[in-house]
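Read off the chains here:
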Amino acid sequence: MPATLRSPSDVTGRVARQAAQEHDPESLAALIEAEWLHLGRVDGLLTDLITRFDHDQLSRHPALQLIMDRVHTWPGAPGPPPELLGRVERLIESGHFPDGEVRAGMEHLVLLALLDQGHYERARPYAAAIRATTERLAPRPGTDSWKLGSLARHNGVLQFLAGQPAEAGSDLLAVIQLTDVHPDDRAAAAGELALLHAVQGDPAIALRWATYAETVIDGWGLDRLDPRHQVALLGARLIKATDRLDWARYEEILGLLHTADLRHDRHLPFIRYAQLRAALVRGQQRPALDQLAQLLDTAPTHLPPGSLAHSLLAGLETQLAISIGDHDRARAAIPDHLTDHHHVLQQVRWLVATGRCTAAAALISDSRWLDLAPRRGAIELTLTLATALHRTGDHRESARLVLRALTQSGDPQTIGHSLATTDQRTLAAAADWQPAVKATLERLKIILFVPPAPDSELRHEAPLTPRERVILGLLADGGTAAEIAASLYVSVHTVRNQIQRVYRKLQATSRRHAIDIAVSRGLLPPISERRGSAAS
C-alpha cells in the first residue's frame, strides 16, 4: 500500500492499542467485536489484544473466543467447538448486537466458521441477513466500504459453493462496484466470478473477469496480496484450457498450481474437476475414477451433497464410468431426485449408454433445462439429445441439433471438450447431413475422445516404443507439441496422439506427472543430470 494511504485497518489498530493501554476491557471487547475484520488485517494485532483478557472476561464474550479460534485456525483444522458457535448464534438471535454493522460482522464470523466446515445451507440465512444489511448501509455517506467488500465477497463464495450462481454473481459483483475496497477482496471477487463463469461454460465472460483480476493483482503488487485468492483465478484458466483441449496451456497452469498447498483449499474440488475432465478425453478414465473415489474420501468437508462441486464431480463419475462400460457405477452416482441440469444430464447419458434412447430424448425434450441450464449444460444436453435421436434413426433432427450446439457456442473451439465426449458416429452423421457441421469439425481438427486403456495395460507397465521414448525426452526438455512436431518432421496431431499414448502407458495425468514417473522408473535421468547435460 502507498505510504500516503491510511487504511481502516491502520486507523482501527491505533484505536485498539489506545483502548488496550487504558485497561478498559469492556470497551476493548466492544471495539474488537465491531472491528475484528480490520484488526485481522494487522499482523498479530488480534492475538495481542485478545490475550489481554483473562478467562472470566473471555467467558462473558464468546464472540472474542470465536474470533481467537479463527485467528489460530490452521488449514484442515476441525473448526470451533459447536457449543461456542452456538453461543454466538444465540447472541445474534437475541439482539445482543443492536448496531447493524456490528451484527453483520458477527453474522459474518459465524458464516466463515460454517463455510470452513462445509455447512453451506446452514450458512445461507446468515448470508441473506448480511446482504440485507450491506444493501442498507452501502448508500450512506462514510460507510466502511472495506468492511462491506469483505462481507460481500465471502457471501459470494458461499453462494457459489452452495450452487446458487445468481446470488453468487450478485454478491461478487457488489464487491467490484464498491468504490473503495481492499484490493485483496476486489481481486478475489473477480477471480471467483471468473471461476463461476468458467464452470458454467461462459468463456468470454470468464476471460473478462480473469483479466480484470490480473489487472488488480498487477496494479497492487503480487507480493502484497493473499496468494490463496489466486486459486480460483487459476482454476478458471484451467477449466478454459480443458474446454479448448489446449493441453500446453493446461500443463502450464497445473505447474503454477503445483506450487500451492491445495489440500484444504475450498477450491480444490474445482481443480480436480478440471483434471478429471482432462482424463476423460486422454485415455485415463480408470485411474481418474480411482482418484475421484480418493477425493470423495479425503475432502468431504468441501463436497457436501447438493453443493456445486459435488454435482460436478458426480456428473463426471457417471461419464467416466460409462466410458469404461461400468453402467452400475454410473447409475449409482445419479441422485434419486433430478433437481438441476447436472442431474438430468447424468440421467440421460446413462439412458443413452444403456440403450434407452427414446426415454433419454423424452426426458430432455419434456424438461425445461434446455432453456434454463447455463451455457455448457445447455450445449451438452443438446449434444446428448442429438445422440439419442441419431440412435433412434432421426438423423436429420440429430444433425440440426449438432449444428445448433455449434452455433450456440459462439466459438466452437470453446466447446472442444463437449465435442470430444459426444458420440463420434453422431457427429460424423451430422457432418454428412449438414455441410456447416462438416466444415466446422474439419476446421477444428479436434483430437476426439481417446478410449480408456485396457485393463491389461493398467495392471502391467506397458513398455514405451523407441519413438515414444523420444517424445518423452523432448517433453522433459520442455518442448511443446508444435516444437516436437517440427523437430521430428511430423504433424502436431500425430505428436499429440503419441503424447497421449505415453501418458496412458505411464498412467500419468500431466507432463510433470509423466516426467516424475519416468524418472522413478529409470526411463529419464533426474532433472539435475538433464540440466548438467544440457549445460555441457
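Relevant structure appears above.
Residues numbered from 1 in each chain as written. Predicted model: local features only at pLDDT ≥ 70, side-chain atom pairs only at ≥ 80, totals over all residues. Heavy atoms only, no water.

Peer 1: Residues and numbers for the overall build of the chain, please.
Peer 2: A count of helices and strands for the chain gives 32 helices and zero strands. Across the chain, contacts joining residues at least 24 apart in sequence account for 65% of those joining residues at least 6 apart. (Helix = DSSP H or I, 4+ residues; strand = E, 2+ residues; numbered from the N terminus. Contact = heavy atoms within 4.5 Å.)

Peer 1: So what's going on with the environment of L178? Residues and values would help.
Peer 2: Within the fold, L178 resides in the loop between α10 (165-177) and α11 (183-200). When sequence neighbours within four positions are dropped, the list of residues in contact with L178 reads S145, L148, G149 and R186.

Peer 1: Summarise the packing of aromatic side chains; cite the residues concerned and give the values.
Peer 2: What the rule picks out here adds up to three aromatic pairs. For the ring pair W209 and Y212, a centre distance of 5.8 Å and an interplane angle of 85 degrees mean the geometry is edge-to-face. With a gap of three residues between them, W209 and Y212 both fall in helix α12 (residues 203-220), about one helical turn apart. Here the aromatic rings of W247 and Y250 are separated by 5.3 Å at their centres, their planes lie at 90 degrees, and the arrangement is edge-to-face. (Phe/Tyr/Trp six-rings, centres within 6.5 Å; stacked < 30°, edge-to-face > 60°.)

Peer 1: Go over helix α22 (residues 375-391), please, and point to the residues and values.
Peer 2: Note that an α-helix has 3.6 residues per turn; residues three or four places apart therefore point the same way. Here α22 contains 17 residues, and its C-alpha end-to-end distance of 25 Å stays within 8% of the 24 Å for a straight helix at 1.5 Å per residue. Counted residue by residue, α22 has 16 buried out of 17 residues, so it is predominantly covered. Positioned one or two residues after α22, G393 has a phi angle of 100 degrees, which is positive. (Expected span 1.5 Å × (residues − 1). Buried < 20%, exposed > 50% of the residue type's maximum accessible area, 1.4 Å probe, protein only.)

Peer 1: Hey, could you go over the nonpolar core for me, with residue numbers and the actual values?
Peer 2: Counting residues in hydrophobic clusters, the biggest one holds 106 residues, and the most contacted among them are I32, I67, F160 and F270. Discounting residues that sit within four places of it in the chain, F270 has contacts with F160, L161, L195, V199, I239, L308, A309 and L312. (Core = buried A, V, L, I, M, F, W, Y, C linked by side-chain atoms within 4.5 Å.)

Peer 1: Explain the pattern of salt bridges to me, using residue names and the numbers behind them.
Peer 2: In this structure the tally under the stated criterion is 26 salt bridges. Taking the shortest distance from any N to any O, the salt bridge between R41 and D185 comes out at 2.8 Å. Of this pair, R41 sits in the loop between α2 (25-39) and α3 (45-50) while D185 sits in helix α11; the two residues are 144 residues apart in sequence, bridging distant segments of the chain. For R103, the salt bridge is made with E107, and the minimal N-O distance between the two is 4.0 Å. (Salt bridge = Lys/Arg side-chain N within 4 Å of Asp/Glu carboxyl O.)

Peer 1: Account for the packing of helix α15 (residues 268-280) against helix α16 (residues 285-298), with residues named and values stated.
Peer 2: Closest axis-to-axis distance for the α15/α16 pair is 9 Å, and the angle between their directions is 165 degrees. Our classification of the angle between α15 and α16 gives roughly antiparallel. Crossing of α15 against α16: the hand is left-handed. Listed contacts from α16 to L268, R272, L276, A279 and L280 of α15 are Q285, A288, Q291, L292 and L295. (Axes fitted to C-alpha atoms, helices over the stretch in contact; angles between N-to-C directions. Parallel < 35°, antiparallel > 145°, perpendicular 65-115°, else oblique. Left-handed = near helix turned anticlockwise from the far one by under 90°.)

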